[in-house]
Amino acid sequence: MKVLQNRFFLTITALLFVVSILISSTPKIISYKSQQDFEKGKANGVSITSEGEVRLAPKVEELYKTQMPFIWSCAADKTENVYVAGGSEGEIFRIDSKKNATVFFDVGKKQIYAMTVDKQNNLFVGTSPEGTVHKIPKDGHVNLKEAEYFDPDDLYIWSLLVDDSDNLYVATGEKGNIYKVDSKGKSSLFYASEDIHIRKIIFDQNGNIIAGTSNKGMIIKIDQQGQAFVLYDSPLVEITDLAVDKGGNIFAAAAGEARIQRTTRRASTGTSEQDDNNENSDNDENVLDLP
């Protein structure tokens, strides 16, 4: 009898053990399908799109670590040199294809918000405040005074652009102008904006200039004759960067607070001169300008 009881006890114990294994190994299905789901984990070598797609991410590699508090501008020439500048010390670093970094040029204690390179690998540098454009040859053998190339009556140089004919376009702040400087150094006003700053200029596929402004936050297309058309009026005050893809689509980075504009409402009746000139504060209203 005792033997039977022991066998019964062992059998029950074995059954309970098997059942516990079966319960613990029951498959569970968890679905990850949104961007928010994937962002709970750590993305390692992948990018997560707004549609919840996981893709291989571009490779990110550190070239050089400067001691500058800010890097405001980068440019690359045709020999794989990368130029970086920013901070308040006015130093421009050149990083070659082997990651060797040297101080290429020093423009003095100025901020550098814009750089670009022409077909001859000359480097154009825009300094602020008291905006000045410097032209530095690829060997860097020029002094600061000799490097001065264009000195407009503007406070900031925000963006620089060179076309196929080596014409330099200079976007400025405080007056919101775009200047054109030809390959011989002759300058002219190419476009005068209604906004205070033109923060960024790029070319589209047809050679038009796409400009992003600050204060009104507009994206403007300007043709080769300087005729302008507003493509987009952002609800934010500043367009800080622009890009155009192969399909001609324009991407923009906007920043700042939502814009407040003052508009005047007039009654639909009463067309006398007195009514037309009566724009008192009772008819003014602050409205949020939304797209």
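One can find the structure itself at the top, above this paragraph.
Q: Outline the overall build of the protein, supporting the account with residue identities and numerical values.
A: Looking only at helices and strands, the protein has four helices and 22 strands in total. Out of the 291 residues in the protein, the part that is buried amounts to 33%. For the protein, restricting intrachain contacts to residue pairs at least 6 apart in sequence, the fraction spanning at least 24 positions comes to 33%. A total of about 19000 Å² of accessible surface is found on the protein, and carbon and sulfur atoms cover 51% of it.

Q: Residue-level account of the pairing of strand 7 (residues 111-117), with values.
A: With respect to burial, strand 7 is a largely interior element, five of its seven residues being buried. With six bridges joining them, strand 7 and strand 8 (residues 123-128) adopt antiparallel strand pairing. Within strand 8, the position partnered with V117 by the bridge is L123. Counted between consecutive antiparallel strands, the loop separating strand 7 from strand 8 contains five residues, among which N121 sits at a positive phi close to 65 degrees.

Q: Give a detailed account of a nonpolar patch on the surface, specifying residues and quantitative values.
A: There is a patch of nonpolar side chains on the surface, built from F229, L231, Y232 and I250 and spanning about 360 Å² of accessible area. Looking at which element gives the most residues to the nonpolar patch, the answer is strand 18 (residues 228-233), with three residues. Looking at where Y232 falls in the secondary structure, it is placed in strand 18. On the accessibility criterion, Y232 (37% relative accessible area) is partly exposed.

Q: Tell me about the side chain of S214, and please be specific about residues and values.
A: Secondary-structure assignment places S214 in strand 16 (residues 209-214). The class for S214 is buried, based on a relative accessible area of 11%. With residues near it in sequence (within four places) discarded, S214 still touches D195, I196, H197, R199, V237 and E238.

Q: Which residues make up the sheet that holds strand 9 (residues 132-136), and what values go with them?
A: One open sheet accounts for four strands, arranged 7-8-9-10; its pairing is antiparallel. Of all strands in the sheet, those with a lone pairing partner are strand 7 and strand 10 (148-150), marking the two edges. Going from strand to strand, the sheet's axes swing by 35 degrees on average, the running direction of each strand aside. Of the strand pairs in this sheet, strand 8 and strand 9 are connected by five bridges, and their pairing is antiparallel. Of the residues in strand 9, the one forming a bridge with G126 is V133.

Q: How would you sum up the environment of N208? Please name residues and give values.
A: As for its placement among the helices and strands, N208 is situated in the loop between strand 15 (197-203) and strand 16. Judged by relative accessible area, which is 13%, N208 ranks as buried. Sequence spacing of N208 and Q224 is 16 residues, and the spatial spacing of their C-alpha atoms is 6.0 Å. If we skip the residues at most four places from it in the chain, N208 touches I202, F203, K221, I222, D223 and Q224.

Q: Which residues make up the nonpolar core, and what are the values?
A: In this structure, I92, F105, I112, M115, L123, V125 and I136 are the most contacted members of the largest nonpolar core, which totals 15 residues. Elements with a contribution of two residues or more to this core: strand 4 (82-86), strand 6 (101-106), strand 7 and strand 8. Per-element accounting of this core gives the leading share, three residues, to strand 7. Counting residues in each nonpolar core, the second largest holds 13 residues, with L161, I178, F190 and Y191 among its members.

Q: So what's going on with the sheet that holds strand 3 (residues 71-76)? Residues and values would help.
A: Sheets are built from strands that pair by backbone hydrogen bonding, the pairs being arranged parallel or antiparallel. Taking strand neighbours across the sheet as the criterion, the four strands line up as 3-4-5-6 in an open arrangement whose pairing is antiparallel. Two strands lie at the open edges of the sheet, namely strand 3 and strand 6, each paired on one side alone. Adjacent strand axes in the sheet meet at a mean angle of 25 degrees, parallel and antiparallel pairs treated alike. Looking at chain direction, strand 3 and strand 4 are connected through five bridges and run antiparallel. Of the residues in strand 4, the one forming a bridge with S73 is A85.

Rules behind the numbers
Residues numbered from 1 in each chain as written. Predicted model: local features only at pLDDT ≥ 70, side-chain atom pairs only at ≥ 80, totals over all residues. Heavy atoms only, no water. Helix = DSSP H or I, 4+ residues; strand = E, 2+ residues; numbered from the N terminus. Buried < 20%, exposed > 50% of the residue type's maximum accessible area, 1.4 Å probe, protein only. Contact = heavy atoms within 4.5 Å. Areas by Shrake-Rupley, 256 points an atom, 1.4 Å probe, with all protein chains shown as cover. Pairing = 2+ DSSP bridges. Patch = residues over 30% accessible without salt bridge, like charges linked within 9 Å, V, L, I, M, F, W, Y side chains within 5 Å. Salt bridge = Lys/Arg side-chain N within 4 Å of Asp/Glu carboxyl O. Axes fitted to C-alpha atoms, helices over the stretch in contact; angles between N-to-C directions. Core = buried A, V, L, I, M, F, W, Y, C linked by side-chain atoms within 4.5 Å.

Take it as geometry only, folks, not as evidence of what the structure does.
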